[in-house]
Amino acid sequence: LCCFQLYGYCYQDSNDIPDTLTTITELGSPLEMIQLLQTSWEDRFRICLSLVRLLHYLAHSPLGSVTLLDFRPRQFVIVDGELKVTDLDDASVEESSCTSNSDCFMEFPARNFTLPCSVEGRCQSMNEKRNLYNAYRFFFTYLLPHSAPSSLRPLLDKIVNATGNHNKHGNAYYLFLALELSPSPLVSSEFTQKCVKSANTQYRRVPEAFIPDENYRCWPSYHHKGCLLSVFDVNEAIEICDSYSQCKAFVLTNQTTWTGRQLVFFKMASNHIVPDPDKITYVKVTD
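In this text the structure is predicted, and so the values were computed from the model without any measurement.

**Section: unusual backbone geometry**
With a phi angle near 50°, Glu-208 is a residue other than glycine that sits in the positive phi range. Along the chain, Glu-208 turns up in strand β10 (residues 203-210). With a relative accessible area of 52%, Glu-208 lands in the exposed category. For Glu-214, which is not glycine, the phi dihedral falls at a positive 60°. If you trace the backbone, Glu-214 turns up in the loop between β10 and β11 (227-231). Of the residues examined, Glu-214 reaches a relative accessible area of 22% and is grouped as partly exposed.

Quick look at the structure:
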């Protein structure tokens, strides 16, 4: 699930290139970090969650702890919203040998680490720690905290700090558990009670109706030409609409994100409303 799916391969000998190997793999999209930063936080979280699952697998693979020596964004692709590694040529299962802690020195551009040397003469968890820190500096520090829900920020800060500082929680198992459990506030009433305030603005409910035009852009949005965001319920949609001065109405759709949150279009007017059995429109009532 974490690595690129291989569908088939074949060998071909030719006069020009002997012993040629051709592989057939699933289709993935190249990883563009600038483009990822413009997507919704839920989509970025999903990518980080798939990366954490990969880290957990590499740390406990049947071959032992595996490290990716060339751990950079270009080694990954996105398949159906999840991150997968495509190149395993630089993977290694060899934990560095040592006679003292000074032999277990890891050097990175921003900081360095020294790990303990075990009684067996191996640097403890060096493969796992190398993967974790590379995940931190290339992915987590950019994709996790930015525009995250306020109720999750303390946990996300703890996760980012753990991977960046190699503290006692800086291991793949802790990261795996922390991120696997953290989506739950996104789809719970507890999250709504913490993050949604009571709105004084009145809205008129128009069932089976949609506003096809009157779009404005917001960030982050699931739609590049409009303002399409995810909400837990109507109260959260009202809170969001009240926070935008140009928002005069919103439309609940029957579509949900991968976490189960409902997608809502936010509109700057309600002059043209059309019938639509799959949507509900809420129009701001003005005095």
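**As for the sheet that holds strand β12 (residues 249-256)**
Reading across from one edge, β10-β14-β12-β13-β11 is the order of the 5 strands in this open sheet, with antiparallel pairing throughout. Each of the sheet's edge strands pairs with one partner strand only, and the pair in question is β10 and β11. Mean inter-strand twist for the sheet, computed between neighbouring axes without regard to direction, equals 30°. Note: β12 against strand β13 (residues 262-267), 5 bridges, orientation antiparallel. Within β13, the position partnered with Thr-256 by the bridge is Gln-262.

**Thoughts on the side chain of Lys-279**
Mapped onto the fold, Lys-279 is located in strand β14 (residues 274-284). Using a relative accessible area of 17% as the deciding quantity, one classes Lys-279 as buried. There is a polar contact of 3.2 Å between the side chain of Lys-279 and the side chain of Asp-276. In this structure Lys-279 touches Pro-207, Glu-208, Ala-209, Phe-210, Val-251, Leu-252 and Thr-253, once residues within four positions along its chain are discounted.

**Topic: the environment of Gly-260**
Its location among the elements puts Gly-260 in the loop between β12 and β13. Given a relative accessible area of 46%, Gly-260 falls into the partly exposed group. Along the backbone, Gly-260 and Phe-232 are 28 residues apart, and their C-alpha atoms lie at a distance of 8.3 Å.

**Overview of the packing of helix α2 (residues 41-59) against helix α3 (residues 126-143)**
Between α2 and α3, the least distance of the axes is 11 Å, while the angle of their chain directions is 180°. Here α3 runs roughly antiparallel to α2, going by the angle between their axes. Taking contact as the criterion, the partners of Trp-41, Arg-44, Ile-47, Cys-48, Leu-51, Val-52, Leu-55, Leu-58 and Ala-59 in α2 are, on α3, Glu-128, Asn-131, Leu-132, Ala-135, Phe-139, Phe-140, Tyr-142 and Leu-143. By residue class, the composition of the contact of α2 with α3 is 14 nonpolar, 1 polar and 2 charged.

**Some words on the sheet that holds strand β5 (residues 76-79)**
Pairing is antiparallel across the open sheet formed by 3 strands, whose spatial order is β3-β5-β6. Only two strands of the sheet have a single neighbouring strand rather than two, namely β3 (29-30) and β6 (82-85). Contacts from α2 reach β5 and β6 within the one sheet, and its direction differs from that of β6 by about 35°.

Analysis parameters
- Residues numbered from 1 in each chain as written.
- Predicted model: local features only at pLDDT ≥ 70, side-chain atom pairs only at ≥ 80, totals over all residues.
- Heavy atoms only, no water.
- Helix = DSSP H or I, 4+ residues; strand = E, 2+ residues; numbered from the N terminus.
- Buried < 20%, exposed > 50% of the residue type's maximum accessible area, 1.4 Å probe, protein only.
- Pairing = 2+ DSSP bridges.
- Axes fitted to C-alpha atoms, helices over the stretch in contact; angles between N-to-C directions.
- Polar contact = N/O pair within 3.5 Å; in protein donor to acceptor, adjacent residues only side chain to side chain.
- Contact = heavy atoms within 4.5 Å.
- Parallel < 35°, antiparallel > 145°, perpendicular 65-115°, else oblique.
- Nonpolar A, V, L, I, M, F, W, Y, C, P; charged D, E, K, R; others polar.

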